[in-house]
Amino acid sequence: MEIKTIGFVGVGTMGRGMVKNLAKSGFKVLAYNRTKEKIIDMKSDNISVVDSIRGACQGDIVITCLPDDKAVEDAVFGKEGIMENIKGEVFVDCGTTSIEMTKKLNGACNGKKIEFLDAPITGSKLGAEAGTMTIMVGGKKEVFDRCLGVFKAMGKTYVYCGPVTYGQKAKLALQMAQAMILESYLECIVFAVKNDVPLEAMERIMENSAAKNGVGMFKMQYIKKRDFEPHFMLKLMHKDLGLAEKEMKRLGMDLPLAKHIREVFEKSMGRGEEDVSAIVKELEKKAGIELRES
């Protein structure tokens, strides 16, 4: 199967960059977003903004990039949804979706003799725009191989993880790690600044030690500017941590740090529409300080 046309459902924070990079790589994209006005400016020679999910389903494959299980349920199984209208041979879910929903999607695809890949992404808004995302993929290896051109257009790293659900399982573990690393980094910085260590000095120390980490250093540049416009919304990390917590319970695992990290995000859910880095505000409030550029 040669993939020329891609139906894309869910052109939000991440989807916008993904669609543009698919078009830049020569694919014809049929882009659907529930709020059409938000993507009307994306029309180009290779991007058609369609009026319905049915319109997006005319592609050789269909990709969804949706925020949660309810949005997936509505888009896939709702009236005029993907399962009723899909014409192509492959359906790829790039959102972070529960294991139960992923199994349901796979079962529905099997019933229609459509191949399914769960392919959650990471890399934030900037990674989606730059085409540098990491994509974790579950499904048949031969289907993964057939879709390599699509993954290469959207990301820099694409990892085959195993059968269906293994992409989502990998993503949940990754989200848990990223949340814990970010919180530990911010706690360290707030602790140092409260104890009169200059912010810039502590940042430099962290950058040149074994505690160096990508997520903390990346987020600090925005925190210091008090810029919490979402690259990845706090409420979505909270949702992902809930999915991870559910899997840990199913496996009978006791992971001490992981048990507490969702509570941190729970306390910050009043800022759910802001970037994930807004968890720092709770630490700042308790410490009576604010991390700002000098």
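Structure report, in brief. Predicted, not measured: the structure shown is a model, and the values here were computed from it.

1. Some remarks on the side chain of T64
Residue placement: T64 occurs in strand β4 (residues 61–64). In terms of polar contacts, T64 uses its side chain to reach the side chain of D93, at 3.1 Å.

2. What about the pattern of salt bridges?
By the definition in use, this model includes 23 salt bridges. When the shortest N-O distance is used, the salt bridge between R16 and D41 registers 2.3 Å. With R16 in helix α1 (residues 15–24) and D41 in the loop between β2 (28–32) and β3 (47–49), the pair connects residues that are 25 residues apart, well separated along the chain. Judged by its relative accessible area of 25%, R16 falls in the partly exposed class. Note that E247 and R250 form a salt bridge whose closest N and O atoms lie 2.9 Å from each other. Taken as a pair, E247 and R250 lie in helix α12 (residues 234–251) at a separation of 3 residues, close to a single helical turn. Residue class for E247 comes out buried when judged on its relative accessible area of 10%. What makes R250 exposed here is its relative accessible area of 52%. Bridged by salt links that share partners, the residues R226, E284, E290 and R292 form one connected network.

3. Some remarks on the packing of helix α9 (residues 166–194) against helix α10 (residues 199–207)
The interhelical angle for the contact between α9 and α10, taken along N-to-C directions, is 140 degrees, at an axis separation of 9 Å. With respect to α10, the element α9 is oriented oblique. Judged by the twist between their axes, the crossing of α9 over α10 is right-handed. Contacts between α9 and α10 involve Y185, C188, I189, A192 and V193 from the former and L199, M202, E203 and M206 from the latter. Class assignment of the residues belonging to the contact of α9 with α10 gives a composition of 8 nonpolar, no polar and 1 charged.

Each value, and the rule that gives it
Residues numbered from 1 in each chain as written. Predicted model: local features only at pLDDT ≥ 70, side-chain atom pairs only at ≥ 80, totals over all residues. Heavy atoms only, no water. Helix = DSSP H or I, 4+ residues; strand = E, 2+ residues; numbered from the N terminus. Polar contact = N/O pair within 3.5 Å; in protein donor to acceptor, adjacent residues only side chain to side chain. Salt bridge = Lys/Arg side-chain N within 4 Å of Asp/Glu carboxyl O. Buried < 20%, exposed > 50% of the residue type's maximum accessible area, 1.4 Å probe, protein only. Axes fitted to C-alpha atoms, helices over the stretch in contact; angles between N-to-C directions. Parallel < 35°, antiparallel > 145°, perpendicular 65-115°, else oblique. Left-handed = near helix turned anticlockwise from the far one by under 90°. Contact = heavy atoms within 4.5 Å. Nonpolar A, V, L, I, M, F, W, Y, C, P; charged D, E, K, R; others polar.

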